[in-house]
Amino acid sequence: MKVGVVAVQGAFIEHQKMLESLGVECVQLRKKSDITDNHLDGLVFPGGESTVQGKLLRELDMFEPIKTLIDSGTPALATCAGLILLARHISDDDTVHFGTLPVTVKRNAYGRQLGSFVTKSDFDGLGSFEMTFIRAPYVTQVEDAHVQTLAVVDGKIVAVRYNNQLAMAFHPEMGEDTRIHQLFVDMIQTN
């Protein structure tokens, strides 16, 4: 099993370390050939700056090969900025990046860096999970009946699954609990 971790900007190394602790081989995706020269069984979209990541993915000619993988069913794990990259709509913004996840998200929904926080909440199928929010978005609207809500914090949707896409507003890679990454690995194995 080989997972491509988008590594153009953001907190990608934490995802890589967590997946490697589960025995998964990871490839950092920094240029188009990193995608085209590898058979990738999964993709990770880390937190960071969604606008910067979207711009770099286009400039580096990585956007279309990645979108093709998602559209063809390759499992994807997205956190924070990654959720924004996958979302079909962004509140108060006409920008669409991949647009493969039929939800609307609100960027920086919890405010700036000082609005960051850690909480525990229920994650469907996993039970209580520690969630780290850093300038996080949240889902304001689910646009397809097949989108499964996996976690809600303070009445806001913070984790969803849609077909091959698992996306959350928080950073599971910032803790030591590997259950969400294991869920992603299980998605790859059953794909």
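Summary of the structure given here. (Residues numbered from 1 in each chain as written. Predicted model: local features only at pLDDT ≥ 70, side-chain atom pairs only at ≥ 80, totals over all residues. Heavy atoms only, no water.)

## What about the nonpolar core?
A general trend in soluble globular proteins is that nonpolar side chains are found buried together.
Item 1. Judged by nonpolar contacts, the single largest core of 62 residues is most densely connected at Phe 45, Ile 66, Phe 123, Val 158 and Phe 170.
Item 2. Ignoring anything within four residues of it in the chain, the contact list for Phe 170 reads Thr 79, Cys 80, Phe 123, Phe 129, Met 131, Thr 132, Phe 133, Val 158, Ala 159 and Ile 180. (Core = buried A, V, L, I, M, F, W, Y, C linked by side-chain atoms within 4.5 Å. Buried < 20%, exposed > 50% of the residue type's maximum accessible area, 1.4 Å probe, protein only. Contact = heavy atoms within 4.5 Å.)

## Re the pairing of strand β2 (residues 25-29)
Item 1. When strand β1 (residues 2-6) meets β2, the two strands line up parallel, connected through five bridges. Bridge pairing in β2 places Gly 4 opposite Val 27.
Item 2. In terms of handedness, the path from β1 via helix α1 (residues 12-21) over to β2 forms a crossover that is right-handed. (Pairing = 2+ DSSP bridges. Helix = DSSP H or I, 4+ residues; strand = E, 2+ residues; numbered from the N terminus. Right-handed = clockwise from strand over helix to strand, strands pointing away.)

## Quick notes on the packing of α1 against helix α6 (residues 179-189)
Item 1. Closest axis-to-axis distance for the α1/α6 pair is 10 Å, and the angle between their directions is 70 degrees. The angle between α1 and α6 places the two elements in the roughly perpendicular class. For the pair α1 and α6, the sense of crossing is right-handed. Facing His 15, Met 18 and Leu 19 of α1, the residues of α6 in contact are His 181, Phe 184 and Val 185.
Item 2. For the contact of α1 with α6, the class distribution of residues is four nonpolar, two polar and no charged. (Axes fitted to C-alpha atoms, helices over the stretch in contact; angles between N-to-C directions. Parallel < 35°, antiparallel > 145°, perpendicular 65-115°, else oblique. Left-handed = near helix turned anticlockwise from the far one by under 90°. Nonpolar A, V, L, I, M, F, W, Y, C, P; charged D, E, K, R; others polar.)

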